[in-house]
Amino acid sequence: MRGLLRNEYYSMKRLMLLYAAVLAFYFILGFLIRGSSNRGVPLGLPLYADLFGVVLVIYSFSYEEKSGWSRLVNTLPVSRGKIVRGKYLFSLIVVLTAAAAGQVFWSLSNIRAGIPAMDLWWYCPMFLAGAAALLAVLLPLMFLLGAEKGRLMAAVFFFVLMFIGAARQMSGKYISLVDVPVWKILAASCGGAAVLLAVSCLISTVIYNRKEF
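What you are looking at is a predicted structure, and each value in this text was computed from that prediction instead of being measured. (Residues numbered from 1 in each chain as written. Predicted model: local features only at pLDDT ≥ 70, side-chain atom pairs only at ≥ 80, totals over all residues. Heavy atoms only, no water.)

Caption draft 1: Looking closely at a nonpolar patch on the surface. A cluster of nonpolar residues, Leu152, Val156, Phe159 and Val160, forms a patch on the protein surface that exposes about 390 Å² of accessible area. As for its position among the elements, valine 160 is in helix α6 (residues 147-171). (Patch = residues over 30% accessible without salt bridge, like charges linked within 9 Å, V, L, I, M, F, W, Y side chains within 5 Å. Areas by Shrake-Rupley, 256 points an atom, 1.4 Å probe, with all protein chains shown as cover. Salt bridge = Lys/Arg side-chain N within 4 Å of Asp/Glu carboxyl O. Helix = DSSP H or I, 4+ residues; strand = E, 2+ residues; numbered from the N terminus.)

Here you go:
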């Protein structure tokens with residue numbers, strides 16, 4: 001497992017540094033220019049950090065397919081189940097790192113705005129749960145369809161999500177959670193995302209075990 005994670009890190013190192021630089025630029029820009037929420041970092045930037053993590057994971061499939069690693073790894077003394085778990089663990093590390101960075105900049109922006117550092121802290125865990133749930137849906141598609149078709153399906157899925165979000169916003173209909181305690185919302189979202197990831201990992205393992213190269 002450690003070797004699989006090292007391969008993911010070294011193969012994606014340059015792209016991770018590029019994504020980190022882009023995110024740092026937007027975070028700093030948001031820190032210098034207050035958003036509409038009267039915070040240095042607008043509400044969307046922690047979400048963008050998690051989405052960048054999801055995109056990085058999707059791109060890793062393309063890199064492995066083009067470099068031939070996806071075929072080579074199956075000649076190594078590593079079970080296919082461990083290969084799948086390694087990819088899921090790498091994905092989780094990426095989105096957790098992105099969420100942690102988002103939380104740090106969120107707290108710094110709150111301090112700059114003169115409000116408590118952990119004000120509305122639960123936004124970042126919510127975004128993390130959303131990114132994890134999104135990966136739970138996309139990863140089986142990547143294992144099933146391969147990098148190129150899987151990436152196309154991911155783009156379609158993103159478009160559908162954006163369309164649904166825009167349609168709901170235009171309709172003015174929202175789900176009210178004002179009277180629900182924050183800890184219950186977090187428990188439901190994070191717990192649900194964890195269950196989805198576990199089920200998704202099992203599905204991906206079945207798909208990958210039946211796949212022919």
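Caption draft 2: Representation of the nonpolar core within the structure. Judged by nonpolar contacts, the single largest core of 36 residues is most densely connected at Val54, Val57, Phe61, Tyr88 and Phe143. Residue assignment for this core shows that the elements contributing at least two residues are α1 (2-32), α2 (44-67), α4 (80-112), α5 (123-145), α6 and α7 (182-210). No other element matches α5, which puts 11 residues into this core. Excluding anything up to four places from it in sequence, phenylalanine 61 contacts Lys87, Leu139, Met142, Phe143 and Ala147. Counting residues in hydrophobic clusters, the runner-up holds five residues, among them Leu23, Phe27, Leu45 and Ala98. (Core = buried A, V, L, I, M, F, W, Y, C linked by side-chain atoms within 4.5 Å. Buried < 20%, exposed > 50% of the residue type's maximum accessible area, 1.4 Å probe, protein only. Contact = heavy atoms within 4.5 Å.)

Caption draft 3: α4, seen in detail. Here α4 spans 48 Å end to end across 33 residues, near enough to the 48 Å set by a 1.5 Å rise per residue. Glycine 114, located one to two residues past α4, shows a positive phi value of around 80°. (Expected span 1.5 Å × (residues − 1).)

Caption draft 4: Seen up close, the pattern of salt bridges. On inspection of all chains with the given rule, the structure shows two salt bridges. Note that glutamate 8 is salt-bridged to lysine 87, the shortest N-O span being 2.8 Å. Taken together, the residues glutamate 8 in helix α1 and lysine 87 in helix α4 connect sequence positions 79 residues apart. The exposure classification of glutamate 8 matches that of lysine 87, with both residues buried. Put simply, glutamate 64 and lysine 87 hold a salt bridge, and the shortest N to O gap is 2.9 Å. With glutamate 64 in helix α2 and lysine 87 in helix α4, this residue pair connects regions lying 23 residues apart in the sequence.

Caption draft 5: Quick look at the packing of α4 against α5. Contact geometry of α4 with α5 gives a least axis separation of 10 Å together with a crossing angle of 155°. What the angle tells us is that α4 and α5 run roughly antiparallel. Here α4 runs over α5; the crossing is right-handed. The residues of α5 that touch α4, namely those facing Val84, Lys87, Tyr88, Ser91, Val95, Leu96, Ala99, Gly102, Gln103 and Trp106, are Tyr123, Cys124, Pro125, Leu128, Ala131, Leu135, Leu139, Pro140 and Phe143. (Axes fitted to C-alpha atoms, helices over the stretch in contact; angles between N-to-C directions. Parallel < 35°, antiparallel > 145°, perpendicular 65-115°, else oblique. Left-handed = near helix turned anticlockwise from the far one by under 90°.)

Caption draft 6: Representation of the packing of aromatic side chains within the structure. All chains considered together, the criterion is met by three aromatic pairs. Each ring, one from phenylalanine 61 and one from phenylalanine 143, has its centre 5.2 Å from the other, and the planes form 85°; the classification is edge-to-face. Here phenylalanine 61 is found in helix α2, whereas its partner phenylalanine 143 is found in helix α5, with 82 residues between them in sequence. Accessibility expressed as a relative area gives 10% for phenylalanine 61, which makes it buried. Look at phenylalanine 143 and you get buried, because its relative accessible area is 6%. Relative to tyrosine 208, the ring of phenylalanine 143 has its centre 5.4 Å away and its plane inclined at 70°; by these criteria the two rings are edge-to-face. In this pair, phenylalanine 143 sits in helix α5 while tyrosine 208 sits in helix α7, placing the two residues 65 residues apart along the sequence. In this structure, phenylalanine 143 and tyrosine 208 share a single accessibility class: buried. (Phe/Tyr/Trp six-rings, centres within 6.5 Å; stacked < 30°, edge-to-face > 60°.)

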